[in-house]
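# Residue-level structure breakdown
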Amino acid sequence: MGLGVGLVVLAAFFWGLSGGIGGILMAEGWDAFVVSFYRGAIGLVFVLAWLAWRPGGSGLGSPKLWFWSAVAGLGVAGNFAFYFVSIANGSVAVAATLMYTAPVFVYLVSFALKLESPTTLKLVAIALVMVGIVMLTQIYDTGAGGVTLIGAGAGLLAGLSYAIFIFGFKYAGSHGSPQAVLSIAFGVLVLLLMLPGDNTQMVSVLTTTDWPLFLALGVFGAGLSFAFYINGLRTTAPAVASIVAMIEPVTATLFGVAILHESLALVQIIGMALILVTVTALSVKSRATPPIPERERDAE
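The present account deals with the structure reproduced in this document. (Residues numbered from 1 in each chain as written. Predicted model: local features only at pLDDT ≥ 70, side-chain atom pairs only at ≥ 80, totals over all residues. Heavy atoms only, no water.)

### Comments concerning empty space enclosed by the protein
For the record, the criterion: Using only the protein atoms, space was sampled on a 1 Å grid; points where a 1.4 Å probe fits but cannot get out form cavities, open sets with protein on both sides within 12 Å along at least five of seven lines form pockets, and lining residues are those with an atom within 4 Å of a point. Grid points are joined across faces, edges and corners, and a volume is the space filled by probe spheres set on the points. By the criteria applied, helices consist of DSSP H or I runs no shorter than four residues and strands consist of E runs no shorter than two, each listed in order from the N terminus. Residue polarity is assigned by list, with Asp, Glu, Lys and Arg as charged and Ala, Val, Leu, Ile, Met, Phe, Trp, Tyr, Cys and Pro as nonpolar; anything else, Gly included, falls into the polar class.
Enumeration over the complete set of coordinates arrives at one cavity of 30 Å³ or more. In this model, the largest cavity occupies a volume close to 50 Å³. Taken together, W15, R39, N79, F80, Y83, M99, Y100, Y162, F165, F226 and E248 form the lining of the largest cavity. In terms of residue count, helix α3 (residues 63-88) provides more of the lining of the largest cavity than any other element does, three residues in total. Classifying every residue of the lining of the largest cavity by side-chain character gives eight nonpolar, one polar and two charged.

See the structure below:
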């Protein structure tokens, strides 16, 4: 359980970096859907190479693997696209905050499917982390140039999409190898995001001097991060994973401070500490919570 949570945290760290990289690219004029497409496409190349290197036990003959991997791909496509649209119409910190309404969706679905029990600890943890994120990103300060309607709506849809891919990966992982699951999921993503993007920019990426940023975005924001995430999710309950992965907005904010030379107010530092302490406490407590039994997952 501890290793699983650690892998999810590492994945979230890379996702936080990818938000900052995507923000830089869109600030230079790149379309949000183009950035999303190449993030997934480069990730697809990465996981296909992994699948070719270790093809054993792929489970590609299982219809359940294809179904749940496709569901996960739908969620990832929505998450990437809506997240970057939200960043383009707001900021990295605000987009990350809105995306992390995902635990609300995850818990509601988990309670409905009886995968999680609504305990006081879980409800308090959700409340504390959400308060910490609000303090960190100062989303309540919506002055001129603040959160737009498009930015807010896209951020919430990114959160809903995040909840979808959590469950997709959770169930797909019991029917095949991580590399097979990711190959199908990213393949679905590429098909879904191929049309919405600017066609001229799609071609221009191949010869742009910004290619190192696109490469880093794809490798760290899709390839490595999702490899860590899907392995970690195998032994981590979906709702716990969604809480632990809230390290992403912390990383995104630190990226802004260190790379974009932004500054943190005292209330933001307090919010960051609140998030880290709560996530750590929840991670320790989650060791006593067993994952979904194999027989229950196979019955799905």
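### A short note on the packing of α3 against helix α10 (residues 211-233)
Worth spelling out the cut-off: Structural elements are reduced to axes, namely lines fitted to C-alpha atoms, with helices fitted over the stretch in contact, and the angle between N-to-C directions of any two is expressed from 0 to 180 degrees. The crossing is said to be left-handed when, going from far helix to near helix, the turn is anticlockwise and less than a right angle, and right-handed when the turn is clockwise. Note on contacts: a residue pair is in contact if any heavy atoms of the two residues lie within 4.5 Å.
Running from amino to carboxyl end, α3 crosses α10 at an angle of 145°, the nearest separation of the two axes being 14 Å. The chirality of how α3 crosses α10 is right-handed. On the side of α3, the interface is formed by V76, F80 and F84, while α10 contributes L217, G221, A222 and F226. Of the residues in the contact of α3 with α10, the class split is six nonpolar, one polar and no charged.

### So, helix α2 (residues 32-53)
Keep this limit in mind: To estimate the expected span of a helix, count its residues, drop one, and scale the result by 1.5 Å. We define a polar contact as two N or O atoms separated by no more than 3.5 Å, with the added condition that, inside protein, one atom must be a possible hydrogen donor and the other a possible acceptor, whereas residues neighbouring each other in sequence contribute only through side-chain atom pairs.
For α2, which comprises 22 residues, the first-to-last C-alpha distance of 32 Å matches the rise-based estimate of 32 Å (1.5 Å per residue) to within 8%. Put simply, D31 is the residue that caps the front of α2, since its side-chain oxygen is 3.0 Å from the backbone nitrogen of F33.

Fair warning: the whole summary comes from geometry, so function is off the table for now.
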